[in-house]
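Structural overview
Here are the chains, one letter per residue:
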Amino acid sequence: MALEFGAKELFSYDPEKSSQDTSKMFINFSQGLMSFPMNIPGTTYHKCLKDQKKALNMMSDVVKERRASPEKHWDDVLDDVFKDMNTEKFLTVEFLPHLMFGLLFISFDSISWTLALAFKLLAENPLVLEALSAEHETILKKKENVDSSITWEEYKSMTFTLQVINETLRLGSVSPGFLRRAREDIQVNGYTIPAGWGIMAVTSALQLNPNTFKEPLAYNPWRWKDLESHVISKNFMPFGGGLKQCAGSEYSRVFLATFFHVLVTNYRWTNIEGGDVVRTPILKFRNGFRIKISKKG
Ligand code: HEM
């Protein structure tokens, strides 16, 4: 679902018209990223390369189709990218399929894992689920038409939901951290990081620091009301930091909040099996994760 929604926003993808199982392609690609790099049929790595090629071919076809009818407007990200090609030299026709592939992968993988973790944590913490449901039921009650879309004001009123999102990202930052390169020698606590060295800031560990987050392993969204903004900005970086921070952070928050609204007002679920969280170094479930979901009566 996150993939189809992202693909629709990026290049007006219509799953009904696609002959390919796009989700499968991206899942296979994702599984091969941390696999042993042996490119022979049957290996995870081989599947990863094969499906990456398929996905890139699909993106190339979309780009070709767009170039063939420049008068048509799509009102999606690719439309804007085509406009930017007039001013940005790095946006070449050869680069576009890679850009679309990268954006789609990065958006689908991170959001899907965050959602999967939220399903697990909410089911394990019924008080949190109860408070989350209450916030969304209140929004529904105030609506004149319950079937109308969520408004920006409603999104802005989701205080507890945003705390749930923060707490989920704190405990389960999809990425272990972010990468930088030292441009000059850097002194840290008596050690020197020489210029040119790669640096990985392991923010996922920082987010479990008991000096900042009391009982760091507890899933406690209420903690966010008492944390001051300067403490948050220095200790909570699930979307990275500085000029290079995640371009999709606001999109992700809106997506997750909207998803929770639909989920808790319409569905209930129970965890069936799996759900052991591991880092490889990206967040994963060791033996998968199965839930039983049903419509609320
Ligand atoms: C829960 C969801 C997400 C998480 C946790 C996440 C996390 C991250 C992190 C940690 C970085 C590295 C930032 C840095 O180096 O400081 C990053 C970069 C990036 N993310 Fe996300 N991301 C998410 C969703 C998305 C989505 C939905 C999109 C696109 C629609 C996106 C697009 C990007 C891009 C383009 C960059 C590279 C930014 C740059 O290098 O200038 N991300 N993300």
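Rules of the game
- Residues numbered from 1 in each chain as written.
- Predicted model: local features only at pLDDT ≥ 70, side-chain atom pairs only at ≥ 80, totals over all residues.
- Heavy atoms only, no water.
- Axes fitted to C-alpha atoms, helices over the stretch in contact; angles between N-to-C directions.
- Helix = DSSP H or I, 4+ residues; strand = E, 2+ residues; numbered from the N terminus.
- Parallel < 35°, antiparallel > 145°, perpendicular 65-115°, else oblique.
- Contact = heavy atoms within 4.5 Å.
- Buried < 20%, exposed > 50% of the residue type's maximum accessible area, 1.4 Å probe, protein only.
- Polar contact = N/O pair within 3.5 Å; in protein donor to acceptor, adjacent residues only side chain to side chain.
- Patch = residues over 30% accessible without salt bridge, like charges linked within 9 Å, V, L, I, M, F, W, Y side chains within 5 Å.
- Areas by Shrake-Rupley, 256 points an atom, 1.4 Å probe, with all protein chains shown as cover.
- Salt bridge = Lys/Arg side-chain N within 4 Å of Asp/Glu carboxyl O.
- Near = heavy atom within 4 Å.
- 1 Å grid on protein atoms, 1.4 Å probe; cavity = no way out; pocket = protein on both sides within 12 Å on 5 of 7 lines; lining within 4 Å.
- Sits in = over half its atoms within 2 Å of the grid points.
- UniProt positions renumbered as here; feature names shortened; annotations may be inferred.
- Phe/Tyr/Trp six-rings, centres within 6.5 Å; stacked < 30°, edge-to-face > 60°.
- Lys NZ or Arg CZ within 6 Å of the ring centre and 35° of its normal.
- Points joined across faces, edges and corners; volume = space filled by probe spheres on them.
- Nonpolar A, V, L, I, M, F, W, Y, C, P; charged D, E, K, R; others polar.
- Domains from an automatic or database assignment.

**Quick look at the packing of helix α5 (residues 95-124) against helix α6 (residues 126-142)**
Contact geometry of α5 with α6 gives a least axis separation of 5 Å together with a crossing angle of 105 degrees. By the angle between their axes, α5 is roughly perpendicular relative to α6. Between α5, through L122, A123 and E124, and α6, the contact on the second element is made entirely by P126, V128, L129 and L132.

**A look at the side chain of N28**
Looking at the secondary structure, you find N28 in helix α2 (residues 22-32). In this structure N28 comes out as buried when scored by relative accessible area, which is 9%. Only 3.0 Å separates the side chain of N28 from the side chain of D51, close enough to count as a polar contact. Excluding residues that lie within four positions of it along the chain, N28 makes contacts with K47, C48 and D51.

**Regarding a nonpolar patch on the surface**
A surface patch of nonpolar side chains, about 320 Å² in accessible area, is lined by F36, M38 and I40. You can call F36 exposed: its relative accessible area is 62%.

**Quick word on the site of the ligand**
Near the ligand lie 20 residues; those nearest to it are S110, R180, G241, K244 and C246. One of the backbone N or O atoms of G241 is found 3.0 Å from an oxygen atom in the ligand. Among the detected pockets, the ligand sits in the largest pocket. Those elements that place two or more of their residues in the shell around the ligand are α5, β1 (178-181) and α11 (249-266).

**Details of the UniProt feature "binding site: heme" (unreviewed entry) in the protein**
Taken from the UniProt record, the annotation "binding site: heme" (unreviewed entry) applies to C246. The topology assignment puts C246 in the loop between α10 (229-235) and α11. When its relative accessible area of 33% is taken as the criterion, C246 is described as partly exposed.

**What about the packing of aromatic side chains?**
The final tally for this structure, using the stated rule, is 17 aromatic pairs. With a centroid separation of 5.1 Å and 40 degrees between ring planes, the pair formed by W152 and Y155 is classed as tilted. Here the residue W152 and the residue Y155 both occupy positions in helix α7 (residues 152-156), the gap between them amounting to 3 residues, near one helical turn. An aromatic cluster of three or more residues is present, and its members are F26, F29, F101, F105 and F108. Taking the ring centre of F213 as reference, the NZ or CZ of R170 above it sits at 5.1 Å. The side chain of K295 reaches across the aromatic face of Y267, ending 5.0 Å from its centre.

**Examining the layout of surface pockets**
Estimates place the volume of the largest pocket at around 1500 Å³. Along its surface, the largest pocket is lined by 45 residues, and I106, S107, S110, S175 and C246 are the ones closest to its centre. Top contributing element to the lining of the largest pocket by residue count: α5, with 8 residues. When the residues that make up the lining of the largest pocket are grouped by side-chain class, the tally is 24 nonpolar, 16 polar and 5 charged. Two domains each donate at least three residues to the lining of the largest pocket, and these are domain 1 (1-124) and domain 2 (126-297).

**Considerations on the environment of G240**
Tracing the backbone shows G240 in the loop between α10 and α11. The sequence separation of G240 and P97 amounts to 143 residues, and the corresponding C-alpha distance is 25 Å. Residues contacting G240, with those up to four places away along its chain left out, are F178 and Q245.

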